[in-house]
2 protein chains.
Amino acid sequence: MKEYISLSHGSGGALTRKLVHEIFAAAFDNAYLRKLDDASVVTLAGGRYAMTTDSFVVDPIVFPGGDIGKLAVCGTVNDLASCGAEPKYLSASFVIEEGFALGSLRTIVSSMAREAREQKTAIVTGDTKVVPRGKADKLFINTTGIGFVHKLLDTKKIRPGDKILINGPVAQHGLSILASRQGFEGRTSIKSDCKSLWGIVKLLLQEHVDVHFMRDPTRGGVSAAANEIAQSCGFSLALLEKRIPATASCRSLCEILGLEPLDIANEGKMLFFVGESDAPKALRLLRSVPSCRQAALIGEVLSEKKSKVYLETSAGGSRVLGMPVTDAIPRIC
Amino acid sequence: MKEYISLSHGSGGALTRKLVHEIFAAAFDNAYLRKLDDASVVTLAGGRYAMTTDSFVVDPIVFPGGDIGKLAVCGTVNDLASCGAEPKYLSASFVIEEGFALGSLRTIVSSMAREAREQKTAIVTGDTKVVPRGKADKLFINTTGIGFVHKLLDTKKIRPGDKILINGPVAQHGLSILASRQGFEGRTSIKSDCKSLWGIVKLLLQEHVDVHFMRDPTRGGVSAAANEIAQSCGFSLALLEKRIPATASCRSLCEILGLEPLDIANEGKMLFFVGESDAPKALRLLRSVPSCRQAALIGEVLSEKKSKVYLETSAGGSRVLGMPVTDAIPRIC
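Since this is a predicted model, take the numbers as computed values, not measurements. (Residues numbered from 1 in each chain as written. Chains lettered and ligands numbered in written order. Predicted model: local features only at pLDDT ≥ 70, side-chain atom pairs only at ≥ 80, totals over all residues. Heavy atoms only, no water.)

1. A short note on unusual backbone geometry
Residues and elements named next belong to chain A.
Here is step 1: Between D59 and P60 the backbone carries a cis peptide bond, its omega angle lying at 5°.
Here is step 2: Topologically, P60 is positioned in the loop between β2 (47-56) and β3 (62-63).
Here is step 3: The phi dihedral of K138 is positive, around 65°, even though this residue is not glycine.
Here is step 4: Tracing the backbone through its elements, the reader meets K138 in the loop between β6 (122-131) and β7 (139-149).
Here is step 5: The exposure class of K138 is partly exposed, given its relative accessible area of 34%. (Helix = DSSP H or I, 4+ residues; strand = E, 2+ residues; numbered from the N terminus. Buried < 20%, exposed > 50% of the residue type's maximum accessible area, 1.4 Å probe, protein only.)

What follows is the structure, encoded as structure tokens:
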């Protein structure tokens, strides 16, 4: 049977994983790519550097809390940060649809420039392509980043008893996109959490917190990230639903639309896997940052070697939190 | 007046230059980007590395002599090579249109993998996005590369008297795209010259040829590359039309369509600026490579400081070869 690419192949969930495994990793096979991490650690002149790439196709290109430009810098910075790497150099490549307003391009480019400056990261090289009207949707941006690895992290370092922390409420980014796409962004207070996370990662590393692993739960949300980590480390994870922060408006919107908040994308959140004894210190440090007051300890690593993710529900039960198969909200990044 | 992006903004000619200067370089302003070279040289762990990025939107995605996958590797390898850099690590990011055949994706990915293997370059990190039908044209690929700089090159090293060499016939890539787009690819022998050039660059550097500068004349062809170099070094250049190699079929097609072969994109050509006394050695070395038998000395750097490019025509006259303003053939890479 002839097979075709579906939107779910881009969801960050089970089908993306299958596509990446069976087509990309199989063909490009090498030790770096085999880990299928958000970035790869390579050796350059004897130093350890992380390299990561992301193409941004978010629709709409401007949303409450950010735009495709800010997102393109934050997304790549966060993939580096999740590898314990300080962002150093970024590339920026633009695919622009003919007829796109130069003024809008200028706004988005300024937004990228501002975010890069704040992160003390230089956009050192770029590329521009223009395609005829109807051959792309306004603007796609690729950013690729190189970062200096301060601490080597690996799912192999995850141990039973490790605590799982998150730096704030979930689902804001995906829902802000959904709200603006449906035209009701003016009627909700939901804003994207789009934010560069190197700052808080640096803080934890500088204070020698015993961080074993980190992952920013973007496409596929906490569900996809937790499942990937469980698969990779071999242990099962337990998440406590009532501890997972979410704003009232996000909770309501999810309830109305029948969405699972843990499946929804974040763009300013990090899951930290921290050695048990250092968890209180990590939480205190995170909460000392104004944007992370709602940081929370949301779960732990179990000794069971089944690679499952259990969600202890607020109602008192427990269920398996699966990898999202389709895309709750497509094109969120 | 409200301004919009036109196809010519992506031509690699004067409008691309204006866009890059006024919007991207102005906003991202830093010493790396200010050079507006095809790649930037950055320092990592005390070593010099080049970083370059390219998004490929070629239409059609398969053409005589290659496909978008091979092109995505060669294009980035060649941008590194033109900086005297040995390709080390590549990232690959895919924007795929919903409904694209998995079989075609597999073929293109294999073609990338094969080219990367031949170049001893690892694709270490990647990303996949899927957009709804009609929101992208089949498949766009971004590759970003990091290479180790063997020799620092700069237009500042260009001197009057330097000889300009090219490793073979011009205009093949752009014309092969045009031919396949018009559906007459079966009736011409024109094939893309799509090829990784690190091999020949390495040869010249290993043999200590006094190379001052290199540039691969892709979008905008030899005309755009020569004009950019003249602008950057300040000297005028003289090119000898009758010395510039082109196949008979390329010449005929250009004549029929009223195209200037020097404006047409190449994907396997390099312009070498070589110290006068080393030019014969460089030519001999290039011609020793089977794929470069038609390498030629095609011009020289003048002492005039007007940043002009003169073409000494076959008819015996001389004219200014301008930067192409619009795109002879859009979406060639």
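2. Remarks on the nonpolar core
Here is step 1: Among the nonpolar cores identified, the biggest contains 98 residues, and A:F94, A:L105, A:L175, A:L239, A:F272 and B:F28 are the most heavily contacted of them.
Here is step 2: Looking at which domains feed residues into this core, each of domain 1 (37-149) and domain 2 (155-320) of chain A supplies at least three.
Here is step 3: Not counting the four nearest positions on each side in its chain, A:F272 is found in contact with A:K163, A:I164, A:L165, A:N167, A:I200, A:V201, A:L204, A:F213, A:M214 and A:L286. (Core = buried A, V, L, I, M, F, W, Y, C linked by side-chain atoms within 4.5 Å. Domains from an automatic or database assignment. Contact = heavy atoms within 4.5 Å.)

3. Observations regarding helix α3 (residues 68-81) of chain A
Here is step 1: Here α3(A) is 14 residues long and its end C-alpha atoms lie 19 Å apart, about the 20 Å a rise of 1.5 Å per residue gives.
Here is step 2: Counting buried positions over the 14 residues of α3(A) gives 13, a clear majority of the element. (Expected span 1.5 Å × (residues − 1).)

4. Thoughts on the relation of the copies chain B and chain A
Here is step 1: With an RMSD of 0.0 Å, chain B superimposes on chain A once it is rotated by 180° and translated 0.0 Å along the axis. The transformation just described matches what one would write down for a two-fold rotation axis. The C-alpha atom lying nearest the rotation axis in chain B is that of B:A136; the distance is 2.1 Å.
Here is step 2: When the interface residues of chain B are mapped onto chain A, 100% of them are again interface residues, pointing to one common binding face. (Least-squares fit on C-alpha atoms with pLDDT ≥ 70 in both.)

5. Some details on the sheet that holds strand β9 (residues 211-215) of chain A
All names here are of chain A.
Here is step 1: With mixed pairing, the seven strands of this open sheet are ordered in space as β9-β11-β8-β12-β10-β13-β14. Sheet topology places β9 and β14 (318-320) at the edges, where each strand pairs with a single neighbour. Neighbour-to-neighbour, the strand axes of the sheet open up by a mean angle of 25°, direction not taken into account.
Here is step 2: Note that strand β8 (residues 163-166) and strand β11 (residues 271-274) share four bridges and pair antiparallel. Of the residues in β11, the one forming a bridge with L165 is F272. (Pairing = 2+ DSSP bridges. Axes fitted to C-alpha atoms, helices over the stretch in contact; angles between N-to-C directions.)

6. Looking at the packing of aromatic side chains
Here is step 1: Using the criterion set out here, one finds eleven aromatic pairs over all chains in the structure.
Here is step 2: For the ring pair A:Y49 and A:F148, a centre distance of 5.5 Å and an interplane angle of 70° mean the geometry is edge-to-face. One end of the pair, A:Y49, is in strand β2; the other, A:F148, is in strand β7, and 99 residues separate them in sequence.
Here is step 3: Above the ring of A:F56, the side-chain terminus of B:K129 is found at 5.1 Å from the ring centroid.
Here is step 4: The side chain of B:K305 reaches across the aromatic face of B:F235, ending 4.8 Å from its centre. (Phe/Tyr/Trp six-rings, centres within 6.5 Å; stacked < 30°, edge-to-face > 60°. Lys NZ or Arg CZ within 6 Å of the ring centre and 35° of its normal.)

7. Some points on the sheet that holds strand β1 (residues 40-44) of chain A
All names here are of chain A.
Here is step 1: Judged by pairing direction, the sheet is mixed, and its five strands sit side by side in the order β1-β2-β7-β5-β6 without closing on themselves. Of all the strands in the sheet, the pair left with one neighbour each is β1 and β6. Strand after strand, the sheet turns through a mean of 20° between neighbouring axes, direction not considered.
Here is step 2: Pairing analysis gives eleven bridges linking strand β5 (residues 85-97) to β7, with the strands arranged antiparallel. Bridged to F94 within β7 is I141.
Here is step 3: Taken strand by strand, α3 contacts β2, β5 and β7, and its axis lies near 145° from that of β2.
Here is step 4: On the sheet, helix α4 (residues 102-118) packs against β5, β6 and β7 and is oriented at approximately 10° with respect to β7.

8. Focus: the domain arrangement of chain A
All names here are of chain A.
Here is step 1: Once the domains are mapped, chain A shows domain 1 (37-149) and domain 2 (155-320).
Here is step 2: Of note, the centres of domain 1 and domain 2, computed from C-alpha atoms alone, are 23 Å apart.
Here is step 3: Tallying the contact residues gives 23 residues for domain 1 and 23 residues for domain 2.
Here is step 4: Both faces considered, domain 1 and domain 2 share a buried interface measuring about 1,800 Å² in area, 58% of it formed by carbon and sulfur atoms.
Here is step 5: Its largest share of buried area at the contact with domain 2, domain 1 owes to P64, N78 and S82, together 29% of the area lost on that side.
Here is step 6: Taken together, the links from domain 1 to domain 2 amount to two salt bridges.
Here is step 7: The interface formed by domain 1 and domain 2 holds eight residue pairs in polar contact (both at pLDDT 80 or more) in total.
Here is step 8: If you list the elements that add at least two residues to the side of domain 1 that touches domain 2, you get α3 and β5.
Here is step 9: Of the residues forming the side of domain 1 that touches domain 2, the biggest block, eight residues, is contributed by α3. (Buried area = accessible area lost by both parts, 1.4 Å probe. Salt bridge = Lys/Arg side-chain N within 4 Å of Asp/Glu carboxyl O. Polar contact = N/O pair within 3.5 Å; in protein donor to acceptor, adjacent residues only side chain to side chain.)

9. As for the packing of helix α3 (residues 68-81) of chain B against helix α4 (residues 102-118) of chain B
Angle between the axes and distance between the axes are the two parameters that describe a pair of packed helices.
Residues and elements named next belong to chain B.
Here is step 1: Contact geometry of α3 with α4 gives a least axis separation of 7 Å together with a crossing angle of 30°. Relative to α4, α3 is oriented roughly parallel. You can see that α3 and α4 cross each other, and the crossing is right-handed. Contact with α3, carried on its side by I68, G69, K70, A72, V73 and C74, involves I108, S111, M112, E115 and A116 of α4 and no other residues of that element.
Here is step 2: Residue composition of the contact of α3 with α4, by class: seven nonpolar, two polar and two charged. (Parallel < 35°, antiparallel > 145°, perpendicular 65-115°, else oblique. Left-handed = near helix turned anticlockwise from the far one by under 90°. Nonpolar A, V, L, I, M, F, W, Y, C, P; charged D, E, K, R; others polar.)

10. Concerning the interface of chain B and chain A
Here is step 1: Each partner contributes to the interface: chain B provides 75 residues, whereas chain A provides 75 residues.
Here is step 2: In total, chain B and chain A occlude about 6,500 Å² of area from one another, counting both sides; carbon and sulfur atoms represent 69% of this.
Here is step 3: Here chain B and chain A share four salt bridges between them.
Here is step 4: Elements with a contribution of two residues or more to the side of chain B that touches chain A: α1 (14-28), α2 (31-34), β1 (40-44), β2 (47-56), β5 (85-97), α4, β6 (122-131) and β7 (139-149) of chain B.

11. Regarding the pairing of strand β8 (residues 163-166) of chain B
Residues and elements named next belong to chain B.
Here is step 1: Neither face of β8 is left uncovered, since the one carrying K163 and L165 and the one carrying I164 and I166 both have all their residues buried.
Here is step 2: As paired strands, β8 and strand β12 (residues 296-301) are joined by four bridges and run antiparallel to one another. Among the inter-strand pairings, K163 is bridged to a residue of β12, identified as E300.

12. Remarks on the environment of A:T326
Residues and elements named next belong to chain A.
Here is step 1: Its place among the elements puts T326 in the segment after β14.
Here is step 2: Take T326: its relative accessible area is 51%, and that puts it in the exposed class.
Here is step 3: Sequence separation between T326 and R34 is 292 residues, and the spatial gap between their C-alpha atoms is 24 Å.

13. Topic: the pattern of salt bridges
Here is step 1: Using the criterion set out here, one finds 26 salt bridges over all chains in the structure.
Here is step 2: B:D127 is the salt-bridge partner of A:R219, the closest N and O atoms lying 3.1 Å from each other. Residue A:R219 is located in the loop between β9 and α7 (221-233), and its partner B:D127 is located in strand β6; the two belong to separate chains. For the pair shown, A:R219 and B:D127 are each scored as buried.
Here is step 3: One salt bridge connects B:E260 with B:R319, and the closest N-O pair in it is separated by 2.8 Å. One end of the pair, B:E260, is in the loop between α8 (248-257) and β11 (271-274); the other, B:R319, is in strand β14 (residues 318-320), with 59 residues separating them in the sequence.
Here is step 4: Here the salt bridges share partners, and the residues they tie into one network are A:D54, A:R219, B:D127 and B:K129.

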